[in-house]
Every structure is written in structure tokens, then in C-alpha cells.
Amino acid sequence: MKNIWQTTLKKLEKNISPQNFSTWIKPINFISITDDQVNLEVPNKFIKGWIKDNYQKVIEEAISDIGTVNYRISISINDNPEIREKPQPEKQEKTEIETNKKNLSLKGNDQFSNINKKYTFESFVSGPSNQFAHAAAMAVANNPATTYNPLFIYGGVGLGKTHIVHAIGNEILNKNNNLKICYYSSEKFTNELINSLRHAKMDEFRNKFRSIDVLLIDDIQFIAGKKSTQEEFFHTFNALYESHKQIVVTSDKFPKEIPDLEERLRSRFEWGLIADIQAPDIETKQAILKMKADQNNIELPEDVSFFLANSVISNVRELEGYLIRIGAFSSLTSTPINLEMAKNILKDIIIEQNKEITVENIQKTVATHYQIKTSDLKSSKRLKTLVLPRQVAMYISRKLTSSSYPEIGTKFGGKDHSTIIHAIKKIEKNLEEDLQLRTTVEKLINSIKP
Ligand SMILES: Nc1ncnc2c1ncn2[C@@H]1O[C@H](COP(=O)(O)OP(=O)(O)OP(=O)(O)O)[C@@H](O)[C@H]1O
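Numbering of residues begins from 1 in every chain and follows the order in which that chain's sequence is written. Confidence filtering applies because this is a predicted model: local features only for residues at pLDDT of at least 70, side-chain atom pairs given and counted only at 80 or more, and all residues used for totals across whole chains, interfaces and linings. Each side-chain value is worked out from all heavy atoms of the structure, with water and hydrogens disregarded.

Per an unreviewed UniProt entry, the protein chain carries the name Chromosomal replication initiator protein DnaA and comes from Malonomonas rubra DSM 5091. In its Sequence similarities (unreviewed entry) section, the UniProt record describing the protein chain reads: "Belongs to the DnaA family." UniProt positions are given in the numbering used here, feature names are shortened, and annotations may be inferred rather than shown by experiment.

In C-alpha cells:
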């Protein structure tokens, strides 16, 4: 019977992206088949819900295809983490420091954790754009180091990554104040490493980081290109992972998109769960505004909230900044907030609603994202690192502007219209299969659209 499941897995692997396959399908345990029912087991409620919503039909079809029976699946939960197949960390050479597990620097959570009490799950508004990351973060906070390790959260600037990471820390601390939780930006990690190197205090540094129960590292993209930081972080990661400690990492990019990041680190980030945060929709932005207004005792009329939510494309920090500005003006002048006042205060800073979308703007945005020159997009160089951005830029140009294929061709250095059609078809096809590309293109489109 287990053979049926093995064959099903092979079929599913062909039809589901590797990322989704390893996140959702791999944790499934086959239990038994009774009549037309296949009994499966998963480690927690979150995975069960996700599979039911997204993969139940695909799995049922894949199993039913094998024989003549139309199977249904039944999923139960086994919350014993041992049943979950986990990738085994590569064996790491032990340094003398790693074998010395003495706790030299950790004396108590409060002086060490750097957790911002303000950022909690209660003060985090969940909506379609961040639902997945939010649910994954809650799962980690409820059961650290059992299911999703590491948890890798990525998303654009000001979309709540730091908030959610602190929320994990606060939630864990609320439940178990004895755990050593440590929040660090990757910049701070680097600085501390440099100082420790300079002052010959590497033993202390290592002991400190390797005696943590939950390590929260924010903005990991900043260690890109820094060889010794990556090296040290790699060993810290391994030491913690091997001792079943929770690691949470945030980044502004998907692991594969972080330039100059060592492959061995990149692959470790992909061991656990990768969850993204997208730009919030209008409703979520308004809900965030309401929460922030309440927190700051600001009376925010509905039309002003709508105006703000509409004016800020994605960055929640920016949204919050505008709200505080209007609130401050209202309080200093003792006048209630209204739409005219809000428009007046923000007239110089708010992004114009009708910002024109042009092929040139699209080229600039895409080139910045991929860290290449706009002239490379217009060139005919066939380097792999240029071909994809070029095709993405062509695809978005066609999608967001009314330019014809020949017009787009002209703006891309005089290319034939058939080249543009080919590029667009290629991207359309890849978008169906490649989650990472889909996320990138969605992010680019969101940042280009006013
Ligand atoms: N869903 C949300 N609910 C409530 N507040 C939010 C939400 N998303 C973002 N914020 C708020 O927006 C501000 C910026 O968020 P945060 O610093 O977490 O963003 P970030 O993604 O870490 O940004 P960066 O990329 O610059 O590091 C914070 O004040 C945070 O509380």
C-alpha cells in the first residue's frame, strides 16, 4: 500500500513546485488505505488546513489516477514532531569553542533579548497579504523549534517583517520566560562580530550566540558579500539547529535572490519554511491605520483613512508616518482631522495618484531590482543574468502600458516584435510554474503601479 503513496508522491513532485512540495507535501505521513479512503497524517493544524484548502483535490486525483478507485483523503494530526522527516544538517567541524557549552554571557532575558514589547501579534493586523507569514509565525511562537525551522520571512520595505519577528519573541516570552530569546539585526550581528574579533573576544561571542533558545535575525540580506560574517553566522546556525533551537530570519528577498550569499547558507534558509509578506490591500491598510490611530489616540475619519490608504502604495511605515503627522498637526492646532486638512498637510510628500506608467519607468524599476543597468535591458547580451530581467521588463511593459509589441521592441534597443512576443510567452509560462518568479513579478508590478 505504501507503494501507492510513493507513486503518488512522484506524480505530485512533477506537478508542484519544489518549494511547495517540500513545504506542504513532504511533511505528510502515509498511514493506511481503507476501501476508498487514504489516511494521512500531518504534524499540525496549520499544515492540515493548508493542504485541505490547496492540495486536497490534487492529491486525490493523483492517487485515484494510479488505480481504478476514486480515493478520498482523510487527514489527521500527529503533533509528535519526531514523525516529521527533517533534512539533516550537514556535519559541521567542531571548533573548540563549540564544544565548550558554558553559558558565559546570558544572565537573563530582559537584558539580552532586545525584544520590542510594542510589536506583538495583538498589534499586528493580518490580511491576505501577510496571512501566510502571520500563521507561520504564530505556529513557530506556539511550538518553537519543532516544525518550521528555520522560518524565513521575506517581503518588501516596511511591510511588517520586524514587527512579526518581535511578535514571535514576545509570544514565546509570554509563554516561557526562561527561554533565551535574542533579536538581532544582521548589521548588529556583524558589528558585534567585528568588535569581538578586534578585542579578541570571539569565545564570548560564540558562547553567547550558541546558548540561545530562539535566535531572531532581521534583514539577513545585509550580510551578503561579508565573508567572515557569513562564515560565523553559518556556524552559529548549525550549532543552534543541531541543538534543536529555533531560528527565524527575515530578508527583503527570497533566499535565491540575495546576491553574494554563500550557497551553503542559502540552502539552509530553504530547509524550513519560507513565508512571504506582500504589499497590503486597501482594506488591510485601513485596518492598520485604525489600529495605529487607536494606539495613538488619534480620531481618524473614514474618508481620511481611505485617502491615506489609497495614497501610500505599500510601505506601512510610510502610512504610519503620515498618520502621525496629521495627528500631530491636529493636536498642536487643536483642530479635528478632516480630509482637506490631511490633503493639505501631505500635499508635498504624497506620491501623485496618477503617476504615469511608462516603459522607461518599468525598465528603471526592474533594473534596480535585479541590480543591473537599464542599458543592459536594452542590449542584446545573452548573459543569463540579463536575459531574465529583460524578459520580465518586457512582460510588465506589455501588461501595464498600452504600448504595442513593436513599440516595446523599439524601447528595448530596437528589437523585433517577435522577440517581444517570445519573451512575454516565456515569462507567462514560467509564471505558472515558478513561485519565486511569480512573487518577484507581483512585487515589481505592485511597486510600479500607482
Ligand atoms: N500588518 C501590520 N499590522 C500592524 N502594523 C504593521 C503591519 N505591517 C507593518 N506594520 C507597522 O509598520 C511599521 C514598519 O514595519 P516593520 O519595521 O516591521 O517593517 P519591515 O518589513 O521590517 O521593514 P524593513 O524592510 O525596512 O526592515 C512598524 O511600525 C509596524 O508596526
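What follows picks up the thread again.
Novice: Looking at this structure, I do not really get the sheet that holds strand β6 (residues 214-218). What am I missing?
Specialist: Strand pairing in a sheet relies on backbone hydrogen bonds. The paired strands run either parallel or antiparallel. When DSSP locates at least two bridges between a pair of strands, those strands are taken to pair. Helix and strand definitions follow DSSP, with helices as H or I runs of at least four residues and strands as E runs of at least two, each counted in order from the N terminus. Across the sheet, five strands lie side by side as β5-β6-β7-β4-β8; this open sheet has parallel pairing. Two strands bound the open sheet, and with one partner strand each, they are β5 (181-185) and β8 (273-277). With strand direction ignored, the average angle separating the axes of adjacent strands in the sheet is 15°. Sheet topology places strand β4 (residues 151-155) next to strand β7 (residues 246-251); four bridges connect them, and they run parallel. Looking across to β7, one finds that tyrosine 154 is bridged to serine 251. For this analysis, residues touch if any pair of their heavy atoms sits within 4.5 Å. The convention used is that axes are lines fitted to C-alpha atoms, helices contributing only their stretch in contact, and that angles between N-to-C directions extend from 0 to 180 degrees. Sitting on the sheet, helix α8 (residues 186-198) is in contact with β5 and β6, with an inclination near 90° to β5. In the packing of helix α10 (residues 227-242) onto the sheet, the strands contacted are β6 and β7, and the crossing angle to β6 comes to about 150°.

Novice: Honestly, the nonpolar core in this entry has me stumped. Any pointers?
Specialist: For soluble globular proteins, the rule of thumb is that nonpolar side chains tend to be buried together. Nine residue types can take part in a nonpolar core, namely buried Ala, Val, Leu, Ile, Met, Phe, Trp, Tyr and Cys, and a core is a set of them joined through side-chain atoms within 4.5 Å. Per-residue accessibility, obtained with a 1.4 Å probe over protein chains only, is compared with the maximum for each type, and a residue is labelled buried under 20%, exposed over 50%, and partly exposed between these values. In this structure, Ile25, Ile59, Leu151, Ile164, Ile168 and Leu216 are the most contacted members of the largest nonpolar core, which totals 50 residues. Take this core: its biggest share by element is seven residues, from helix α6 (residues 131-142). Domains are outlined according to an automatic or database domain assignment. Counting only domains with at least three residues in this core, you end up with domain 1 (2-77) and domain 2 (102-277). If sequence neighbours within four positions are ignored, isoleucine 59 has contacts with Trp5, Thr8, Leu12, Ile25, Ile28, Ile51 and Ile73. With 28 residues, the next largest nonpolar core counts Met202, Phe205, Phe237 and Ile247 among its residues.

Novice: When you look at unusual backbone geometry in this model, what are you seeing that I'm missing?
Specialist: Proline 150 follows asparagine 149 through a cis peptide bond whose omega is 0°. Considering the arrangement of structural elements, one finds proline 150 in the loop between α6 and β4. Despite not being glycine, alanine 200 has its phi angle at roughly 50°, a positive value. Along the chain, alanine 200 turns up in the loop between α8 and α9 (202-210).

Novice: Could you clarify how one ought to interpret helix α14 (residues 316-333) in this entry?
Specialist: Residues that lie three or four places apart on an α-helix share one face, since the helix turns once every 3.6 residues. A helix is expected to span 1.5 Å multiplied by its residue count minus one. When the terminal C-alpha atoms of α14 are compared, their 26 Å separation across 18 residues agrees well with the 26 Å that a helix rising 1.5 Å per residue should span. All buried positions along α14 are accounted for by Val316, Leu319, Tyr322, Leu323, Ile326, Gly327 and Ser330. Projected down its long axis, α14 carries its buried residues within an arc of 130°, all on one side. Residues of α14 that are exposed and point more than 90 degrees away from the buried face comprise Arg317 and Leu332. Against α12 (282-295), α13 (302-311) and α15 (339-346) lie the buried residues of α14. The directions considered for the arc are those from the helix axis to the C-beta atoms.

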